[in-house]
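Summary of structural features
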Amino acid sequence: MVAAGAALADEVGLAGLTMGLLAERLGVRTPSLYKHVGGQEDLTRRIAALALSEAADAVGGAVQGYAGRDALAAAARAFRAFVLQHPGRYAATIGVEPSGPDDPLAATGRRLLDAFMAVLRGYEVAESDVDHALRMLRSLCHGFATLQSANGFQWSADVDESFEWLIAFTDRGLRAL
């Protein structure tokens, strides 16, 4: 049911996902969904955990065997591709916080951070700057991908070219630390 909700969120947008619409898609009555989830908020949290897990798999798999600029490029491209392919489920991850250490959001979020940490290991980032560097990578990848997903780049420059420029710029910045 969570996978169906995630697919529907990708199709109609997270804001358009309702329990009634999901029930209709699954061919069941809405009250039947409450046997599996506690409601809309619970469904959204579960979609977020799924999305973080999928993004962690994509980014983690992409950086395997790479270091430095190659790892950065692989991670950024994988993250961007995930967001563009799954805008609704990715939207569920924004602003959601784990309720505790046993919350699946904590584990899946950590896996995604670990994938980006692997990128940073290819650069000489001081321990005191790691959090800043992770936030910078997240902001750059998230910002670009969500803007592109929302058709936010409408001028003539090639979007892929701009993304590669962003990767090169980020690499130079990280090497300069």
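What comes next concerns the included structure. Since the structure is predicted, the reported quantities are computational estimates derived from the model, not experimental observations. (Residues numbered from 1 in each chain as written. Predicted model: local features only at pLDDT ≥ 70, side-chain atom pairs only at ≥ 80, totals over all residues. Heavy atoms only, no water.)

**Here we look at helix α4 (residues 40-63)**
With 24 residues, α4 extends 34 Å between its outermost C-alpha atoms, agreeing within 8% with the 34 Å of an ideal straight helix rising 1.5 Å per residue. All buried positions along α4 are accounted for by Leu43, Ile47, Ala48, Ala49, Ala51, Leu52, Ala55, Ala56, Val59, Gly60 and Val63. Structurally, α4 contributes buried residues whose contacts are with α1 (2-12), α2 (19-26), α5 (68-85), α6 (87-91) and α7 (104-120). Within two residues after α4, Gly65 carries a phi angle of roughly 85°, on the positive side. (Helix = DSSP H or I, 4+ residues; strand = E, 2+ residues; numbered from the N terminus. Expected span 1.5 Å × (residues − 1). Buried < 20%, exposed > 50% of the residue type's maximum accessible area, 1.4 Å probe, protein only. Contact = heavy atoms within 4.5 Å.)

**A short note on the packing of α5 against α7**
Interhelical geometry of α5 versus α7 gives an angle of 150° and a closest axis separation of 8 Å. With respect to their mutual orientation, α5 and α7 come out roughly antiparallel. On α7, the residues touching Ala71, Leu72, Ala75 and Phe79 of α5 are Leu112, Phe116 and Val119. (Axes fitted to C-alpha atoms, helices over the stretch in contact; angles between N-to-C directions. Parallel < 35°, antiparallel > 145°, perpendicular 65-115°, else oblique.)

**Observations regarding helix α8 (residues 130-149)**
The end-to-end C-alpha separation of α8 is 28 Å, in line with the 28 Å expected for 20 residues at 1.5 Å each. Of all the positions in α8, only Val130, Ala133, Leu134, Leu137, Cys141, Phe144 and Ala145 are classed as buried. Angular distribution of buried residues about the axis of α8 spans 125°; they occupy a single face of the element. Turned more than 90 degrees away from the buried face of α8 sit His132 and Arg135, all of them exposed. Where α8 is buried, its residues meet α5, α7 and α9 (159-176). Just beyond α8, the residue with positive phi is Asn151, at close to 60°. (Arc of directions from axis to C-beta.)

That is the geometry; function is a separate question.
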